[in-house]
Amino acid sequence: MNSQVDYLLKEVQSSSFLPPLLPHRHRQLFAKLSLSLSLSLSLVYIPIPLHFSATMKLQLLPPLFLTLLSSSAFLFHLHPIPASAASSVDGATTPSNGTDFIRTSCGATLYPDLCYTSLSGYANAVQEDPASLARVAIHVSLSKARRMTVYLSNISRQADYGADPRSASAVHDCFSVFGDAVDQIRGSLKQMRQLGPNYGGGSLRFQLSNVQTWMSAALTNEDTCEDGFEDVPDAGVKMDVCDRVVKVKEVTSNALALVNSYVSKVSP
């Protein structure tokens, strides 16, 4: 009987009824709990041929046992294991220092809440390095600006067939200046990845001054896009474009602020 119980226990642990992301230690606990509940209800011993597949073996188990198993799995899905517990099981560590550092650093930006939510996912990579934080912020800004450029490219074709030529002109101008902004942010990111006292014969502060200049120019281009819609009636295209531009401007502004904050920490 004990060998049969051990056999069933292994089958339960490997069962598809268990939540797939459940850590190994919790799978063992869950399997023992389900099996003990079944045995306590006087479920009978069932001989199971060894050549049966795992699915066939589970089908031979009493219906009540399967009901308990599926119900327990459902409860495990409703009560997920806390991240701290999962980290301790898997041997991982939570990047609390990195998230705290990002939250504090974002206090220097104009949009601290957006800064934290957009960058906290990179805490493990950032740790407590202001240069890494600035680089990640520029990366996020570049990603947003690129998506905005794709969007403008798509709607510019539609605007050409619209009734308002001013709207079409504003969209085309916006697409042009956003292309410049993308180039400037890309250059900033490249410079941040190549920072070093001997790179290109320039000092670290000189290299960072290039980043500051390019990020400021990118922000100006984004402003220019929005300004181009001043004479356009408040219709769908204008509102949609301007709302999207504001969101890109905010992350670019935050990235520039974090670059400035890093520069203030660099020795002359």
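Below or above, wherever it landed, is the structure these notes cover. Everything numeric here is computed off the predicted structure, so don't read it as measured data.

### Side note on the layout of surface pockets
Part 1: Put simply, the second largest pocket is a space of about 160 Å³.
Part 2: Lining the second largest pocket are Lys144, Arg147, Met148, Tyr151, Arg244, Lys247 and Val248.
Part 3: Secondary structure elements with two or more residues in the lining of the second largest pocket: helix H9 (130-159) and helix H12 (236-265).
Part 4: The element contributing the most residues to the lining of the second largest pocket is H9, with four residues.

### Points about the pattern of salt bridges
Part 1: In the structure shown here, the tally under the stated rule is four salt bridges.
Part 2: Salt-bridge contacts for Asp223 lead to Lys249; the nearest nitrogen and oxygen are separated by 2.7 Å. Of this pair, Asp223 sits in helix H11 (residues 204-227) while Lys249 sits in helix H12, placing them 26 residues apart in sequence.
Part 3: Between Glu226 and Lys249 there is a salt bridge, with its nearest N and O atoms 2.7 Å apart. Residue Glu226 is located in helix H11, and its partner Lys249 is located in helix H12; the two are separated by 23 residues in the primary sequence.
Part 4: Judged by relative accessible area, which is 22%, Glu226 ranks as partly exposed.
Part 5: For Lys249, a relative accessible area of 18% puts it in the buried group.
Part 6: Within the structure, one salt-bridge network assembled from shared partners comprises Asp223, Glu226 and Lys249.

### A few points about the packing of H9 against H12
Part 1: Taken N-terminus to C-terminus, the directions of H9 and H12 make an angle of 160°; their axes are 9 Å apart at the nearest point. When the axes of H9 and H12 are compared, the pair comes out roughly antiparallel. The chirality of how H9 crosses H12 is left-handed.
Part 2: When grouped by side-chain class, the residues that make up the contact of H9 with H12 number 20 nonpolar, two polar and four charged.

Rules used in this analysis
Residues numbered from 1 in each chain as written. Predicted model: local features only at pLDDT ≥ 70, side-chain atom pairs only at ≥ 80, totals over all residues. Heavy atoms only, no water. 1 Å grid on protein atoms, 1.4 Å probe; cavity = no way out; pocket = protein on both sides within 12 Å on 5 of 7 lines; lining within 4 Å. Points joined across faces, edges and corners; volume = space filled by probe spheres on them. Helix = DSSP H or I, 4+ residues; strand = E, 2+ residues; numbered from the N terminus. Salt bridge = Lys/Arg side-chain N within 4 Å of Asp/Glu carboxyl O. Buried < 20%, exposed > 50% of the residue type's maximum accessible area, 1.4 Å probe, protein only. Axes fitted to C-alpha atoms, helices over the stretch in contact; angles between N-to-C directions. Parallel < 35°, antiparallel > 145°, perpendicular 65-115°, else oblique. Left-handed = near helix turned anticlockwise from the far one by under 90°. Nonpolar A, V, L, I, M, F, W, Y, C, P; charged D, E, K, R; others polar.

Distances and angles like these do not, on their own, reveal function.
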